[in-house]
Amino acid sequence: MKRNITLISLCLILSSLNSYADYYDVPMLEASWVLSKTKSACLLTQEIPRYGKAEFVHQSGSSLRFSIQEYRVRPTIIKANLAVAPAQWMHHEASFDQHLVYLDPPEKIKDFSRLSAYGDAAELMMDALLQGHSPTFIYLSAISDLDMREIRVAVSPIKFGIAYDEFLNCRKNMVHSRSTPENF
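What you are looking at is a predicted structure, and each value in this text was computed from that prediction instead of being measured.

**Student:** Could you give an account of the pairing of strand E5 (residues 65-70), naming the residues involved and the relevant values?
**Tutor:** In terms of residue burial, E5 counts as a mostly covered element, since 6 of its 6 residues are buried. Where burial is concerned, the two faces of E5 agree: the one with Arg65, Ser67 and Gln69 and the one with Phe66, Ile68 and Glu70 are both buried. Taken together, the 6 bridges between strand E4 (residues 52-59) and E5 define a ladder with antiparallel strand orientation. Residue pairing across strands places alanine 54 opposite isoleucine 68, the latter belonging to E5. Where E4 hands over to E5, the hairpin turn is made up of 5 residues, of which glycine 61 adopts a positive phi near 85 degrees. With 5 bridges joining them, E5 and strand E8 (residues 114-118) adopt antiparallel strand pairing. Its bridge partner lying in E8, isoleucine 68 is registered against leucine 115.

**Student:** Summarise the sheet that holds E5; cite the residues concerned and give the values.
**Tutor:** In a beta sheet, neighbouring strands are held together by backbone hydrogen bonds and run either parallel or antiparallel to one another. Across the sheet, which stays open at both edges, the 6 strands sit in the order E2-E3-E4-E5-E8-E7 with antiparallel pairing between neighbours. Only two strands of the sheet have a single neighbouring strand rather than two, namely strand E2 (34-37) and strand E7 (102-104). Each adjacent strand pair in this sheet contributes to an overall mean axis angle of 25 degrees, direction not counted. Relative to strand E3 (residues 41-48), helix H3 (residues 160-173) is tilted by about 160 degrees, and along the sheet it contacts E2, E3 and E4.

Analysis parameters
Residues numbered from 1 in each chain as written. Predicted model: local features only at pLDDT ≥ 70, side-chain atom pairs only at ≥ 80, totals over all residues. Heavy atoms only, no water. Buried < 20%, exposed > 50% of the residue type's maximum accessible area, 1.4 Å probe, protein only. Helix = DSSP H or I, 4+ residues; strand = E, 2+ residues; numbered from the N terminus. Pairing = 2+ DSSP bridges. Axes fitted to C-alpha atoms, helices over the stretch in contact; angles between N-to-C directions. Contact = heavy atoms within 4.5 Å.

Coordinates in, geometry out; function isn't part of it.
Spelled out as structure tokens, the structure:
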């Protein structure tokens, strides 16, 4: 009996610690991709409601970058990774191969930090979107020692194929120079 009380007490204490998971994705009917380009850079962006944006950026002389950026300041990010998950309408297991993710500082004063994957990992995320999968950033954010939240941000593959063709043409036609890359 005493063991049961101890077990129940432990469960109550653990359940009282704040542990939350927040999930952000793009509703199917709202999914879109927008291409922006200059002579030396291509940017493909998807808005994620109530979160921010996902983007692919290829600048002349640099490797491809795939990022998410929240439109507000998030508490300290403790751990982050990037995985490929099935899209909402697919009913099979996610691959959950983890890819390296970096926390990039803001480029401009008005910007916030972003989580990014570079090079081959970013190219793999393009392939995943073309196959109808959802690249998903998963990170643990600490509000305090007792308040940790897992955040999942899924990027939608809907309408990606059309935007991909435009992005690919932009990348092919980009001026390859050693000059300073332009910031978006």
